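Chain by chain, the residues run as shown.
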Amino acid sequence: LARALSPPFAAGHVHFSSTAAAELGDQAPSMAVARRAAGASIALVASLGAAVAGAAVATLPPSLAACAGDAEANGIDWSSARDALWDIVESRSLQDDAARMELAQLESRQTSCTFGMATIDTILRVNVPGGEASWGEVGGLPDPLHLGSSLAEVVASGFPIFGALAWLLDVARESEEAAGASLMEAEEEELAGACANAASREFHTLLEHHLREDGSVPTLYALQYLSAQGPERDCTLGRAAAFLVLALARVGERSHGGADEESLALLRSAEDLLRQKEPPSVPSASSVLPLLWQMHRPWPLLDVLHMITRRATRAAVLPKAPGSCLLIIYAFPTDEIKRDTQEFLKILERYFYAPLGVSHPLVVFTDEATAATLARELQPSISAPVVPAVIPQEELSRHMPSYSCVDGIDCSSGAAPASGAHRGVVNKTQFWSPDYLRISRYTAGPLFLHPALDACGAFIKLDTDFYLTAPLASDPLEELRREGTRLAYWQIHVQGQRQAGYTEAALSFLHERGMKIRNIAFYARGRFEEKAEKLGILLSEVPEALEAATVIYGCLFGGDIRFFREPLYQDFFRYMDALQGFEQAGWSNQFFLGTAAAAFLYPSQVRRLYISGRHQESKIDVANGNVTEYLTGSSKSVFR
């Protein structure tokens, strides 16, 4: 900021007016902001996204030329000021009195740089002397739709005006909520009006989730929303948000930053929709606020526009893509599990890590006591880093009865034969211990929220008694990442036990959400309905078919951690978990994977993992383009 006020900037020398120095008293001017502002300068971006570093001012649009010409005409170096403004807005902090005074000095200068002055004015409104902003500071805010000739021009200016506006509105809202005021009618009306439909609410929830969690939104959701032909077409702000999501993705694809014709066209489409929300007359202070608020809540348009501006003009800060990882469960290991795991790790090193030359971390979900032994017991057997992920104690100690089935049919909870194993067969009675069912439930939902997976995108989860039988020729994790796969499976089958009540509950969830089956291959009841219709019989005459559930084997599956963290999947888990199917009917996490593949994803987002391996009675061999498969897992005599 000092450089912007008094060019040329000399490190260590910040010049203030005598009035400013007197107001600051004995406080030494902080150099932190000035040092950040003296970093790499970000060139202005002209229309159509062309970089204009060194270009003649006359070649720029008038609004941008005014900023570029201020260095000579008014002694303001906006290029340096822009860097400092980004630091302030990104950190949402202006605690330093010297920096506040410098901003005030900039605001008092005579300039035609609308974008710079609007950004400074907004920041100063957030940081009013003596406290934080209230709604009184919001009146007369700059209107983003009238700062330049277009939203694209505002983006091209490189100033963080959208982020500054979002900051001010958030602070003002917090102030009003603390005072018990109710000035959020626009937000409530927007979600209760044209956007009060299942598709709009789902897209809104996904948008908020991804912006909060990873700063990007999968474009398929935006495309799906825009292509819908239902009532969501009347949700103007939702559709504008979808166009902005696509523009954000397009700008992010360009390694050198900036925007191209496609991203600018997407911005124009969003702007056309936003202008439909404008008052019919020239905006006034009272009319701008409702529109501005609707661009921030409930639809976070200002946040997305801020991200677009950042990516278009400050490409060096593109978000880092998440890495990949393997997952295993190793909690309360019995002697048998310890032996299986050592064999599993040796084979994993021989057939996966060594031939591929990769080092994807192995995330081990375990109990607290076992976590302390991993470095000694597991790390020597594998070259990749072993990362402990301690399962919360409340998950490991929650009430959970055992579950057992006699001859695979007569099933009950709490009546399993005494045994030290987590699962097994005793006198024709198959059983699953409380610990086994606790882990099954945990793997169905809470596991994906563990902080140990924050840096993980593509993943593969394996059982420790799954053994590879041949070296891998390519990295399946890289394939999942490259293809955008959200769920990957090794084997599927129709479950013959432990599914009582599951299918009906899952269908109830889908009905309440207005969702339909997208992938019939993973919907067992639907396949039986087709067969019953061909045979001319009623499905109700085959009660087993009504309870049928397609499961994806949990011994080897994968996908994208971000999908399993999304509101839809986690809401589904919470809905089903409230029915206590794990406690009363021995439900398996494998059912949840089957439902996700059938109803939450499109066929293109689900793929098979062609990996040679064996697990208990199941085996797949992949060689020379041929796949041979052996599976007895659907037999009622086999437990899962």
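Residues numbered from 1 in each chain as written. Predicted model: local features only at pLDDT ≥ 70, side-chain atom pairs only at ≥ 80, totals over all residues. Heavy atoms only, no water.

Draft legend 1. Local environment of the overall build of the chain. The helix and strand tally for the chain stands at 30 helices and 17 strands. Sequence-distant contacts in the chain: of pairs separated by 6 or more residues, those separated by 24 or more amount to 75%. Looking at the chain as shown, the accessible area adds up to about 27,200 Å², and 52% of this sits on carbon and sulfur atoms. (Helix = DSSP H or I, 4+ residues; strand = E, 2+ residues; numbered from the N terminus. Contact = heavy atoms within 4.5 Å. Areas by Shrake-Rupley, 256 points an atom, 1.4 Å probe, with all protein chains shown as cover.)

Draft legend 2. Quick look at the side chain of D121. With respect to the helices and strands, the residue D121 is situated in helix α8 (residues 114-126). By relative accessible area, D121 is classed as buried at 19%. A polar contact is formed between the side chain of D121 and the side chain of R125, at a distance of 2.9 Å. (Buried < 20%, exposed > 50% of the residue type's maximum accessible area, 1.4 Å probe, protein only. Polar contact = N/O pair within 3.5 Å; in protein donor to acceptor, adjacent residues only side chain to side chain.)

Draft legend 3. The state of the cysteines, seen in detail. All chains considered together, the criterion is met by 3 disulfides. Bridging C195 to C235, the disulfide has an S-S length of 1.9 Å. Linking C195 and C235, the disulfide has an S-S dihedral of approximately 85° and is accordingly described as right-handed. Linking C195 in the loop between α11 (185-192) and α12 (198-213) with C235 in the loop between α13 (219-227) and α14 (236-252), this pair joins segments that are 40 residues apart in sequence. Assigned by exposure class, C195 and C235 land together as buried. Disulfide pairing is shown between C405 and C411; the S-S distance is 2.0 Å. Taking the torsion about the S-S bond as the criterion, the C405 to C411 disulfide, at about 110°, is right-handed. We classify C411 as partly exposed; its relative accessible area is 26%. (Disulfide = S-S within 2.5 Å.)

Draft legend 4. The arrangement of empty space enclosed by the protein in detail. A full pass over the atoms with the stated rule returns 5 cavities of 30 Å³ or more. In this structure, the largest cavity occupies an estimated 140 Å³ of space. Y502, T503, A506, Y523 and T595 are the residues nearest the centre of the largest cavity, which is lined by 17 residues in total. The set of elements that each furnish at least two residues to the lining of the largest cavity consists of α24 (502-513), β12 (549-552) and α30 (589-600). Of the residues in the lining of the largest cavity, the class split is 13 nonpolar, 4 polar and no charged. Taken as a whole, the second largest cavity holds about 60 Å³ of empty space. The wall of the second largest cavity is formed by L326, L348, F352, I460, L462, L468, L472, P476, L556 and I611. Among the secondary structure elements, those contributing two or more residues to the lining of the second largest cavity are α18 (335-356) and β8 (456-462). Here the residues of the lining of the second largest cavity are counted per class, giving 10 nonpolar, no polar and no charged. (1 Å grid on protein atoms, 1.4 Å probe; cavity = no way out; pocket = protein on both sides within 12 Å on 5 of 7 lines; lining within 4 Å. Points joined across faces, edges and corners; volume = space filled by probe spheres on them. Nonpolar A, V, L, I, M, F, W, Y, C, P; charged D, E, K, R; others polar.)

Draft legend 5. Main features of the packing of α24 against helix α28 (residues 567-577). At their nearest, the axes of α24 and α28 sit 10 Å apart, and the two run at 130° to each other. Overall, the two elements α24 and α28 adopt an arrangement that is oblique. At the point where α24 passes α28, the crossing takes the right-handed sense. Of α28, the residues touching α24 (which contributes Y502, A505, A506, S508, F509, E512 and R513) are L568, D571, F572, Y575 and M576. For the contact of α24 with α28, the residue count by class is 8 nonpolar, 1 polar and 3 charged. (Axes fitted to C-alpha atoms, helices over the stretch in contact; angles between N-to-C directions. Parallel < 35°, antiparallel > 145°, perpendicular 65-115°, else oblique. Left-handed = near helix turned anticlockwise from the far one by under 90°.)

Draft legend 6. A look at the environment of H210. Within the fold, H210 resides in helix α12. What makes H210 buried here is its relative accessible area of 1%. Distance in space between the C-alpha atoms of H210 and E566 is 7.9 Å, their sequence separation being 356 residues. Those residues in contact with H210, other than ones at most four positions away along the chain, are G215, S216, V217, P218, Y221 and E566.

Draft legend 7. Looking closely at the sheet that holds strand β4 (residues 403-406). The strand order β5-β4-β7-β6 describes an open sheet built from 4 strands, whose pairing is antiparallel. At either margin of the open sheet sits one strand with a lone partner, and together these are β5 (410-413) and β6 (423-426). Pairwise comparison of adjacent strand axes, ignoring direction, gives a mean angle of 15° for this sheet. Here β4 pairs with β5 via 4 bridges, running antiparallel. Bridge pairing in β5 places V406 opposite D410. (Pairing = 2+ DSSP bridges.)

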